[in-house]
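Analysis of the macromolecular model
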Amino acid sequence: MVQASFDAQLTQLAPLLFYIIAFIVMYVENGIMLGFFLPGDSLLFSAGLVAASNHSINISLLCMVVFLGAFIGDQTGYVIGRKYGRPYIDKKNSPKLQKMIIRAEKFYDRSGWWAVVAARYFPWIRTFVPPLAGAAKMRYYSFLSANAVGALFWSVLITLAGYYSASIPWVKSSSYAIAAFFISASVISSVTGYLRHRR
């Protein structure tokens, strides 16, 4: 009786943990530069696969969770760049840094909106674009709208792609194995790339 009650509680808790983990990964990868190695694309696709094979996970709620994680993460990155990155650069008073920031300002003023949207689809780059936009003082509402559009098309569409790909019978029956493979491959690839660049 106690075991059955525990199993029932665990079954109810598992989807909540799934949503929390999905949100945290999206937030950290998009909002904190140390999260650049996290497998955002693979996790989104894999989350959709898992949602399709686990009826306790609501795909609409999952899409909202990953969207909010990606959106709030980028906003955090922007604020960090604006509040801490720019004062640091100005304080350094380095001619080289000043030239770089002037070029960045011109770039974000001219092409910043599209850059923020497109960066979502490039691992590593999407982690560093928001703080750079903040440091370059990209207009806040321009960044806000680009962030919302980018987060929507990136996080929700990839999650839905995973969800609907599970309609293929062999994909659905192997969804957990496929999800584990994609996430593991992404992490290994990111770590390997990082170590190679450090040499």
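Keep in mind it's a predicted model, so treat the numbers as computed, not measured.

**Describing the overall build of the protein chain**
Helix and strand counts for the protein chain come out as 8 helices and 0 strands. Listing every helix and strand of the protein chain by position from the N terminus yields α-α-α-α-α-α-α-α. Per-residue burial over the protein chain gives 40% buried out of 199 residues. With the model as given, the accessible surface of the protein chain reaches about 11600 Å², and the carbon-plus-sulfur share is 71%.

**Some details on the pattern of salt bridges**
Applying the stated criterion across every chain yields a total of 4 salt bridges. Residue Arg86 pairs with Glu105 through a salt bridge whose shortest N-O separation is 2.7 Å. With Arg86 in helix H3 (residues 59–92) and Glu105 in helix H4 (residues 95–119), this pair connects stretches of sequence that are 19 residues apart. Given a relative accessible area of 26%, Glu105 falls into the partly exposed group.

**Quick look at a nonpolar patch on the surface**
Together, Tyr121, Phe122, Ile125, Leu152, Phe153 and Leu157 line one region of the surface with nonpolar side chains, adding up to about 580 Å² of accessible area. With 3 residues, the top contributor of residues to the nonpolar patch is helix H6 (residues 140–165). Its place among the elements puts Leu152 in helix H6.

**What to know about the environment of Val149**
Inspection of the secondary structure puts Val149 in helix H6. Sequence-wise, Val149 and Trp114 are 35 residues apart; in three dimensions their C-alpha atoms are separated by 10.0 Å. Val149 has contacts with Trp113 and Val117, leaving out every residue within four places of it along the chain.

**Considering the nonpolar core**
Counting 21 residues, the largest nonpolar core has Met26, Leu44, Ile57, Leu62, Val66 and Trp154 as the members making the most contacts within it. Listing elements by their share of this core, those giving two or more residues are helix H1 (2–31), helix H2 (40–53), H3 and H6. Setting aside its immediate chain neighbours within four residues, Val66 contacts Ala22, Met26, Leu44, Ser155 and Thr159. Ranked by size, the runner-up nonpolar core spans 11 residues in total, among them Tyr78, Val129, Met138 and Phe143.

**Quick look at the packing of H3 against H6**
At a minimum axis distance of 8 Å, the contact between H3 and H6 shows a crossing angle of 145°. Crossing of H3 over H6 shows right-handed handedness. Residues belonging to the contact of H3 with H6 are distributed by class as follows: 18 nonpolar, 4 polar and 1 charged.

**Here we look at unusual backbone geometry**
We note that Lys137 has phi near 55°; this positive angle belongs to a residue other than glycine. Summarising the element assignment, Lys137 is placed in the loop between helix H5 (125–135) and H6.

**Observations concerning H3**
Compared with an ideal rise of 1.5 Å per residue, which puts 34 residues at 50 Å, H3 spans 47 Å between its outermost C-alpha atoms and is within 8% of the ideal. Maximum bend of H3: about 35°, positioned at Gly81. Where H3 begins, the side chain of Asn58 points an oxygen toward the backbone nitrogen of Ser60, at a separation of 2.9 Å. Just downstream of H3 lies Asn93, where phi reads positive at about 55°.

About the thresholds
Residues numbered from 1 in each chain as written. Predicted model: local features only at pLDDT ≥ 70, side-chain atom pairs only at ≥ 80, totals over all residues. Heavy atoms only, no water. Helix = DSSP H or I, 4+ residues; strand = E, 2+ residues; numbered from the N terminus. Buried < 20%, exposed > 50% of the residue type's maximum accessible area, 1.4 Å probe, protein only. Areas by Shrake-Rupley, 256 points an atom, 1.4 Å probe, with all protein chains shown as cover. Salt bridge = Lys/Arg side-chain N within 4 Å of Asp/Glu carboxyl O. Patch = residues over 30% accessible without salt bridge, like charges linked within 9 Å, V, L, I, M, F, W, Y side chains within 5 Å. Contact = heavy atoms within 4.5 Å. Core = buried A, V, L, I, M, F, W, Y, C linked by side-chain atoms within 4.5 Å. Axes fitted to C-alpha atoms, helices over the stretch in contact; angles between N-to-C directions. Left-handed = near helix turned anticlockwise from the far one by under 90°. Nonpolar A, V, L, I, M, F, W, Y, C, P; charged D, E, K, R; others polar. Expected span 1.5 Å × (residues − 1). Bend = angle between axes of the 7 residues up to and from the residue. Polar contact = N/O pair within 3.5 Å; in protein donor to acceptor, adjacent residues only side chain to side chain.

Note that all results are geometric; they support no functional claim without further evidence.
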